[in-house]
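For reference, the chains in residue letters:
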Amino acid sequence: MTQPLVEFHDVTVAYGRRPVLWNVDLTIDRACLFGVIGPNGAGKSTMLKAALGLVPVVGGYVRFFGEPLARVRTRVGYVPQRETVDWDFPVTVTDVVLMGTYARLGWFRRPGRRERELAAECLDRVGLADFAGRQIGRLSGGQQQRVFLARALAQEADIYLFDEPMAGVDVRSQERIFAVLAELRDAGRLVIVVHHDLRTAAEWFDRVALVDMRLVAAGPTAEVLTPINLQRTYAGRVELLEELGQAVAERGRTP
Amino acid sequence: MTPWLWFSIRPVIASASGTSFGLTYNTLVVVTGVAAVGFAAGVVGSLALLRRRPLVGDAAAHATLAGVALAFLATGRRDLPTLLVGAFVSAVAALATLVFIRRVTRTRDDAATAIVIGVSFGIGLALISGITARGLPGGGGLEQFLLGHTAALTVRDAAVLAVVSLLAVVVVAVGLKEAVVLSFDAEFAAATGWPVGLLDLALVGIVAVMVVVGLPAAGAVLVTAMVVIPPVAARQWTDRVGRMLPLAGLIGLAAAVAGVAASAARPGLSTGPLVVLSAAAICAVSFLIAPQRGWIARRWSAAVLENQWSRGRVLEVCLQLSGPDGRDGVDPTAVMLRAAGDSWAGRRTASRAWQSLARDGLILPGGSGLKPRRGDAGNRWQLSNAGMAMAWERRRRIEAWNHVLDEAVESGRDWLTLDLPDPVDVLGSAVAPATSVRRAPLPVATPRVPESQD
């Protein structure tokens, strides 16, 4: 039997004593465009961070290719949310893309010609070849996200994890990013994308997982995005809001 | 050495060496040593600044005083390397305390730093004043570590400082790639397998080393400025890490040499304040005149933008007032009124724009080609052909820009995230004064704009 590409086994994550994600059991066994969908604060990003060891898990484990992450790290690419870095940092677009090659280079080795050619090629794939020498702060939001995408491409990984790559990005960049993700999938890579927009989710992803602090459902998009599942994922919030509204109306002030 | 530089420092060297003329071996070595320290402090400080930990050095620096005193009490010796080893140990202890407070008590970073600075400095002062009060043999002069005093440095001391500084620079040069990936995106660094905790530790460690080595030059209170100010100044001039580090080093070197020279020229002056003031002067100048990031550059480009905008506005008003066939002619007063309303500041800008348009020949004093008008008061102007073209171009661009914005609204996106090279240029290059370099027109949604009406 072949190993699954990614396996979440009973993963539970807590910030302080409050669990934000519990008992997530999820196996992805073939390359596809995989969407992790859910409302804000549902623990979608936490799921990726737990997989990458960036937040401690209370219980459970995540395996890639049947191995712990530490043994297959160079085969896993990661794109954090754009807001996590200081865009005034004094580096150029090419410098950032080259960071994708650093893990493979290892300690103290500098990127050479091969890496520079790879970086240029990755920039070309995301449509930013003309911006190679620019300081990263002098780009639009969509362009910045594409720089991150190019850095991930330069990792030459087999599994990619994207954290909200479409947030705050203009339509043209969204289309470009999606096209690159689809290319990766077609080249046999597994692409996991945290995404919050239900409208686009249905048309973009082959398979999805609905997450709301636990795994609500996972599987082929058409089977998962059913009214009942969506109700189970999102409706709780709506009720909560209604209750809050009633409480406010009854007391005549904010609770 | 250029002659003017020689003449400017000759009296300094002369007074430092105690002879009427020439450079003693001793002075030369001390200046070289302190210059190396200044260079390394700038380079290492750049990393601390990029990692957004500029105050780590401050905590370490204030703690060094206690280490110096304890090293003296423990060994009874006052040679520099011994005291500096003590300083390093106490700096590391202070940083460990800092981490401990932050981890265990959940105190915020800035508060924890303030606590460590205050307490460790208090301990150091108490120990030093105790030693001075007891009059322990050789204990006098320890307070020189408070403000820095290079005059007391021996050749061997200076050599030690220089060697350690060079080692620090070499370490930074070797680990630059790792430091940059850590500072730019620690989360990505961790996800791709870099030991973020270890790298941070190394960074803090090397900052501590630099602070200790900088002690004789700047003293415990001010040495942190040697680590922070040169990088901040260097950042003004460049957008590349690869250039920022050596530049920060050179600024640190210049400040250190200037400080040492000045303190040698006036015996009794502490080196530290002079080094820091020199660095601050360079930094202030950088804030002012650096290209792009500097205050003047930013004010200048804002003024250029304002000028371009009001030129465009005046052209537009002229176009509106000159009638359907453009042959009505315009009255400057009416143009000013329509372009600026009753704001005096607006009118001043508009009248300046009017003058610059007239200078560029875009508006001409009227006469030929104008339709005759009854009761002609005389002061009638008209748009030249070039002015007319420019006004239409501006209209076209505004329409194009509106079109882009409409599209953004339709698709529910914030226009700030639009994929445009430089939004402010949409109007600017259409109405730029003749003297400025004309840039190629932008491809802003040009194909989709309805053909202009002319």
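Conventions used here
Along every chain, residues carry numbers that run from 1 in the direction the sequence is written. Ligands are numbered from 1 and chains lettered from A, in the order in which they are written. For a predicted model such as this one, the threshold for reporting local features is a pLDDT of at least 70, and the threshold for listing and counting side-chain atom pairs is 80 or more; totals across whole chains, interfaces and linings nevertheless cover every residue. By convention in this description, side-chain values take in all heavy atoms of the structure and omit both hydrogens and water. By the criteria applied, helices consist of DSSP H or I runs no shorter than four residues and strands consist of E runs no shorter than two, each listed in order from the N terminus. What the globule rule says is 2.2 Å times the number of residues to the power 0.38, and the radius of gyration is computed from C-alpha atoms. Relative accessibility thresholds used throughout: buried, under 20% of the residue-type maximum; exposed, over 50%; partly exposed, between the two (1.4 Å probe, protein chains only). When checking whether two residues touch, look at their non-hydrogen atoms; a contact exists if any pair is within 4.5 Å. In short, Shrake-Rupley with a 1.4 Å probe defines the accessible areas, and a residue's cover is counted only from the protein chains shown. Asp and Glu are treated as the negative residues and Lys and Arg as the positive ones, with His and the ends of the chain left uncounted. Here the site of a charge means atom NZ of a Lys, CZ of an Arg, CG of an Asp or CD of a Glu. Side-chain rings of Phe, Tyr and Trp, where Trp is taken by its six-membered ring, are said to pair if the distance between their centres is within 6.5 Å; with planes under 30 degrees apart they count as stacked, over 60 as edge-to-face, and otherwise as tilted. Either the NZ atom of lysine or the CZ atom of arginine qualifies as a charge over a ring when it sits within 6 Å of the ring centre and within 35 degrees of the ring normal. Interaxial angle, 0 to 180 degrees, is taken between N-to-C directions of lines fitted to C-alpha atoms, where a helix line uses only the stretch in contact. Roughly parallel means an angle under 35 degrees; roughly antiparallel means over 145; roughly perpendicular covers 65 to 115; every other angle is labelled oblique. Here a crossing is taken to be left-handed if its near helix is turned anticlockwise relative to the far helix by less than a right angle, and right-handed if that turn runs clockwise. As a working rule, the residues Ala, Val, Leu, Ile, Met, Phe, Trp, Tyr, Cys and Pro are called nonpolar, Asp, Glu, Lys and Arg charged, and the rest polar, with Gly in that last group. Basic side-chain nitrogens of Lys or Arg form a salt bridge, by our definition, when they fall within 4 Å of a carboxyl oxygen of Asp or Glu. The criterion for strand pairing is that DSSP finds at least two bridges linking the strands in question. By definition, the crossover connecting two strands over a helix is right-handed if that path, from the first strand to the second, turns clockwise as seen with the strands pointing away from the viewer. In this analysis the probe radius is 1.4 Å and the grid spacing 1 Å, with only protein atoms considered; a cavity is a set of points the probe fits into but cannot get out of, a pocket is an open set with protein on both sides within 12 Å along at least five of seven lines, and lining residues have an atom within 4 Å of a point. Grid points are joined across faces, edges and corners, and a volume is the space filled by probe spheres set on the points. In this analysis, a patch consists of residues with relative accessible area above 30% that form no salt bridge, clustered at 9 Å for like charges and at 5 Å for the nonpolar side chains Val, Leu, Ile, Met, Phe, Trp and Tyr. What a helix should span is 1.5 Å times the count of its residues minus one. Here the bend at each residue means the angle between axes fitted to two seven-residue stretches, the one ending at that residue and the one beginning there.

### Observations concerning the overall build of chain A
Alright, step 1. A tally of regular secondary structure across chain A gives nine helices and nine strands.
Alright, step 2. Taking 255 residues into account, the globule formula puts the C-alpha radius of gyration at 18 Å, and chain A, at 20 Å, falls close to it.
Alright, step 3. By principal-axis analysis of the C-alpha atoms, chain A measures approximately 65 × 50 × 35 Å.
Alright, step 4. A burial count over chain A gives 52% of its 255 residues as buried.
Alright, step 5. Here the analysis covers contacts within chain A between residues at least 6 apart in sequence; of these, 68% occur between residues at least 24 apart.
Alright, step 6. Of the roughly 11,700 Å² of accessible surface on chain A, 49% is carried by carbon and sulfur atoms.
Alright, step 7. Averaging the coordinates of the 32 positive side-chain charges in chain A and doing the same for the 31 negative ones gives two points 5 Å apart.

### Describing the overall build of chain B
Alright, step 1. Looking only at helices and strands, chain B features 17 helices and two strands.
Alright, step 2. Expressed as a percentage of the 454 residues in chain B, the buried residues total 45%.
Alright, step 3. A sequence separation of at least 24 residues applies to 69% of the contacts in chain B between residues at least 6 apart.
Alright, step 4. With the model as given, the accessible surface of chain B reaches about 22,000 Å², and the carbon-plus-sulfur share is 66%.

### A closer look at the packing of aromatic side chains
Alright, step 1. Taken as a whole and judged by the stated rule, the model has eight aromatic pairs over all chains.
Alright, step 2. Look at Trp-87 of chain A and Phe-184 of chain B: their rings are 6.2 Å apart centre to centre, the planes differ by 85 degrees, and that puts the pair in the edge-to-face class. Of the two residues, Trp-87 of chain A is situated in the loop between strand E5 (76-79) and helix H3 (93-105) and Phe-184 of chain B in helix H8 (residues 176-184); the pairing between them involves two chains.
Alright, step 3. In this structure Trp-87 of chain A comes out as buried when scored by relative accessible area, which is 12%.
Alright, step 4. Exposure remark for Phe-184 of chain B: the relative accessible area of 2% places this residue in the buried category.
Alright, step 5. Consider the rings of Trp-354 of chain B and Trp-381 of chain B, whose centres lie 5.2 Å apart with planes at 70 degrees: the pair is edge-to-face. Of this pair, Trp-354 of chain B sits in helix H15 (residues 344-359) while Trp-381 of chain B is found in strand E2 (residues 381-383), placing the two residues 27 residues apart along the sequence. The burial state of Trp-354 of chain B is the same as that of Trp-381 of chain B; both residues are buried.
Alright, step 6. When the ring centre of Tyr-102 of chain A is taken as reference, the NZ or CZ atom of Lys-177 of chain B above it lies at 5.4 Å.

### Quick word on the packing of helix H2 (residues 25-50) of chain B against helix H11 (residues 241-265) of chain B
Residue and element names in this part refer to chain B.
Alright, step 1. The N-to-C vectors of H2 and H11 enclose an angle of 140 degrees; their axes lie 7 Å apart at closest approach. With respect to their mutual orientation, H2 and H11 come out oblique. Considering only the axes of H2 and H11, their crossing is right-handed. From H2, Val-31, Val-34, Ala-35, Gly-38, Phe-39, Gly-42, Val-43, Ser-46, Leu-47, Leu-49 and Leu-50 reach across to H11, where they touch Val-241, Met-244, Leu-245, Pro-246, Ala-248, Gly-249, Leu-250, Gly-252, Leu-253, Ala-256, Val-257 and Val-260.
Alright, step 2. Looking at side-chain class alone, the contact of H2 with H11 contains 18 nonpolar, five polar and no charged residues.

### Regarding the pattern of salt bridges
Alright, step 1. Inspection of every chain in the model, using the stated rule, returns 28 salt bridges over all chains.
Alright, step 2. Salt-bridge contacts for Asp-79 of chain B lead to Arg-156 of chain B; the nearest nitrogen and oxygen are separated by 3.4 Å. One end of the pair, Asp-79 of chain B, is in the loop between helix H3 (56-75) and helix H4 (80-105); the other, Arg-156 of chain B, is in helix H7 (residues 155-174), and 77 residues separate them in sequence.
Alright, step 3. Via salt bridges that share partners, Asp-88 of chain A together with Arg-235, Asp-239 and Arg-293 of chain B belong to a single interconnected network.

### A few points about the pairing of strand E7 (residues 190-195) of chain A
All names here are of chain A.
Alright, step 1. By the criterion of burial, E7 is predominantly enclosed, with six of the six residues buried.
Alright, step 2. Side-chain alternation along E7 places Leu-190, Ile-192 and Val-194 on one buried face and Val-191, Val-193 and His-195 on a second face that is also buried.
Alright, step 3. By the bridge criterion, five bridges tie strand E3 (residues 33-37) to E7 in an arrangement that is parallel. When the bridges of E7 are listed, Gly-35 appears paired with Val-193.
Alright, step 4. One ladder, built from five bridges, connects strand E6 (residues 159-163) with E7; its direction is parallel. In the sheet register, Leu-161 faces E7, and the bridge partner there is Ile-192.
Alright, step 5. Note on the crossover from E6 through helix H6 (residues 171-186) to E7: the handedness is right-handed.

### Thoughts on empty space enclosed by the protein
Using a probe with the size of a water molecule, rolled over the atoms, empty space left in the structure can be pinpointed.
Alright, step 1. Enumeration over the complete set of coordinates arrives at two cavities of 30 Å³ or more.
Alright, step 2. What lines the second largest cavity is Thr-74, Gly-100, Ala-103, Arg-104 and Gln-155 of chain A together with Thr-192 of chain B.
Alright, step 3. Classifying every residue of the lining of the second largest cavity by side-chain character gives one nonpolar, four polar and one charged.

### Describing a nonpolar patch on the surface
All names here are of chain B.
Alright, step 1. A cluster of nonpolar side chains, Trp-237, Val-285, Leu-288, Ile-289, Trp-295 and Ile-296, forms an exposed patch at the surface whose accessible area comes to about 560 Å².
Alright, step 2. Those elements that provide at least two residues to the nonpolar patch are helix H12 (271-289) and helix H13 (295-321).
Alright, step 3. Its location among the elements puts Ile-289 in helix H12.
Alright, step 4. Ile-289 sits in the partly exposed class, given a relative accessible area of 46%.

### Describing H3 of chain A
Alright, step 1. In this model, H3 of chain A (13 residues) spans 19 Å end to end at C-alpha, consistent with the 18 Å of a helix rising 1.5 Å per residue.
Alright, step 2. Maximal helix bending in H3 of chain A amounts to about 35 degrees, located at Met-99 of chain A.
Alright, step 3. Most of H3 of chain A is tucked away, with ten of its 13 residues classed as buried.
Alright, step 4. Turning to H3 of chain A, its buried residues number three or more, namely Val-93, Thr-94, Val-96, Val-97, Leu-98, Met-99, Gly-100, Thr-101, Tyr-102 and Leu-105 of chain A.
Alright, step 5. In this fold, the buried residues of H3 of chain A make contact with helix H4 (113-125) and helix H5 (141-154) of chain A together with H8 and helix H9 (186-191) of chain B.

### Examining the sheet that holds strand E2 (residues 18-28) of chain A
Residues and elements named next belong to chain A.
Alright, step 1. Pairing is antiparallel across the open sheet formed by three strands, whose spatial order is E2-E1-E4. Each of the sheet's edge strands pairs with one partner strand only, and the pair in question is E2 and strand E4 (59-64). Each strand axis lies, on average, 20 degrees off the axis of its neighbour in the sheet, ignoring direction.
Alright, step 2. The sheet contact formed by strand E1 (residues 6-15) and E2 spans seven bridges and is antiparallel. Within E2, the position partnered with Val-11 by the bridge is Val-24.
Alright, step 3. Contacting E1, E2 and E4, helix H1 (residues 44-51) crosses the sheet at an angle of about 115 degrees to E1.

Keep in mind these values describe shape, not function.
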